[in-house]
Amino acid sequence: MQTREDAQALDAADPLAPLRAQFTLPDGVIYLDGNSLGVLPSATPVRVQQVVAEEWGQGLIRSWNSAGWITLAQRVGDKVARLVGAGPGELVAADSTSVNLFKVLSAALSIAKEDAPSRRVILSERSNFPTDLYISESLAAQHGCTLELIDDPDAIAERLNRQDVSVLMLTHVNYRTGRMHDMAALTAAAHAAGALTVWDLAHSAGAVPVDLHGAQADFAVGCGYKYLNGGPGAPAFVWAHPRHADRFWQPLSGWMGHAAPFEFTPDYRPAPGIARYLCGTPAVLAMSALECGVDTVLAAEPMGGMAALRAKSLALTRAFAELVQSRCAGHGLVRVSPDEDAQRGSQVCLAHPEIAYPVVQALIARGVIGDFRAPDILRFGFTPLYTRFVDVWDAVEHLVQVLDRGAWHEARFHQKAAVT
Ligand SMILES: *Cc1c(COP(=O)(O)O)cnc(C)c1O
């Protein structure tokens, strides 16, 4: 892609291009932050309005049965399952990623305590998303384990060989670098060393092909508001391999995870399978919006599904990285996301020791929305459902102008907001 005309030609030939019409995107915005908050599907306001006015307004309490609210967690879960290589009835939408991680990591630690009591290490990466590390830190303390953080992702398999790890807890695609782990290889290494795996799919579900069964993974969680376009604070999802799902009461043993919630018995009896990973009453409005978001990804199924989305995502990220390299040379930007396709998620991250924050702000002021991740990362997410090649071209053109003209010098671009 050497010219804007090349970009337009790629868009004209793109079989996935019609999928963009599913979304309501503001005019004048190039949105490269779908890895943080996916854009609004056009179906969502209509559907939420319908749930509010008809299902709630008219149906009232009856809608728990008549509109299927009571099985929404499973219905939406089954749709997400198709995107991550899980079977029907194995995955539910519920709570937040942080809360779901608490549930599955607790379960994994409890299983490990029974099967391999001498193992006392939770292994993760120092660059993992903070909430994953904070939840792990808390659970390590509760279970009398140590949380060990590794700096070099290539050293994980080697570290497992010491035979003291009970759970390997990783985020499949790193939120800062966009580096993607080989889930099947690391899961196999963990199992060979007697450890269980917990995978966080926050930057994977709807972004890259995931095959939880193919990888023989043990547990997974993921996020609803990023590539699944579920809306701000959308419910997250949780999966346990069927070989583990019935083994342990996850610790948040709420009534929605009971085998028969409406028997109102005083004692807890966990539901079979993944349903026990539910806790309380589902957020019906948020879950309805999430369903619309997941449907926008499933709409790619007739066009090749996640494999086709992945091919376009790689082409977008490659084009962006190459254009930045050729057109922004001399400004001190360093690419931190991997060059190799197999190791790259659906984002490109650049680092600059001094001006990462103001450059991102100057881009946002021009309608090119990426984000900044402390201390030095400019992060650009590429969502093949709605990002065009011409958006890649135009975003780099803006970046070139911001850098060449020193537009980032303006004082207003240096003031830190609460959310970066
Ligand atoms: C976005 C993200 C989360 C978000 O967790 P919440 O509970 O929704 O705040 C968790 N883990 C990773 C790896 C993420 O990227």
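So, how was this worked out
Residues numbered from 1 in each chain as written. Predicted model: local features only at pLDDT ≥ 70, side-chain atom pairs only at ≥ 80, totals over all residues. Heavy atoms only, no water. Near = heavy atom within 4 Å. Polar contact = N/O pair within 3.5 Å; in protein donor to acceptor, adjacent residues only side chain to side chain. Areas by Shrake-Rupley, 256 points an atom, 1.4 Å probe, with all protein chains shown as cover. 1 Å grid on protein atoms, 1.4 Å probe; cavity = no way out; pocket = protein on both sides within 12 Å on 5 of 7 lines; lining within 4 Å. Sits in = over half its atoms within 2 Å of the grid points. Helix = DSSP H or I, 4+ residues; strand = E, 2+ residues; numbered from the N terminus. Nonpolar A, V, L, I, M, F, W, Y, C, P; charged D, E, K, R; others polar. UniProt positions renumbered as here; feature names shortened; annotations may be inferred. Buried < 20%, exposed > 50% of the residue type's maximum accessible area, 1.4 Å probe, protein only. Contact = heavy atoms within 4.5 Å.

Participant: Explain the site of the ligand here, please?
Facilitator: As a matter of local geometry, the ligand sits amid S96, T97, S98, F129, T131, D132, T171, D200, A202, H203, Y225 and K226. Note that a nitrogen atom of the ligand is positioned 2.8 Å from one of the side-chain N or O atoms of D132. Taking D200, its side chain carries an N or O atom lying 2.9 Å from a nitrogen atom of the ligand. In the complex, 86% of the free accessible area of the ligand, which totals 380 Å², lies under the protein chains. Among the cavities detected, the one that contains the ligand is the second largest pocket. Of all the secondary-structure elements, those providing two or more residues to the shell around the ligand are α5 (97-115) and α6 (130-143). Its residues assigned to classes, the shell around the ligand shows 3 nonpolar, 6 polar and 3 charged.

Participant: Sorry, what's going on with the UniProt feature "binding site: pyridoxal 5'-phosphate" (unreviewed entry) in the chain here?
Facilitator: Residues given the UniProt feature "binding site: pyridoxal 5'-phosphate" (unreviewed entry) here are T97, S98, F129, P130, T131, D132, T171, D200, H203, Y225, W255 and T281. Annotated residues spanning 185 residues; largest pairwise C-alpha distance 30.3 Å, indicating distribution over more than one region. Among the residues just listed, T281 line the largest pocket. If you trace the backbone, D132 turns up in helix α6. Of the residues examined, D132 reaches a relative accessible area of 1% and is grouped as buried. Excluding anything up to four places from it in sequence, D132 contacts L101, M169, T171 and D200. With residues up to four places along the chain from it excluded, the contact list for T281 reads W64, W255 and M256.

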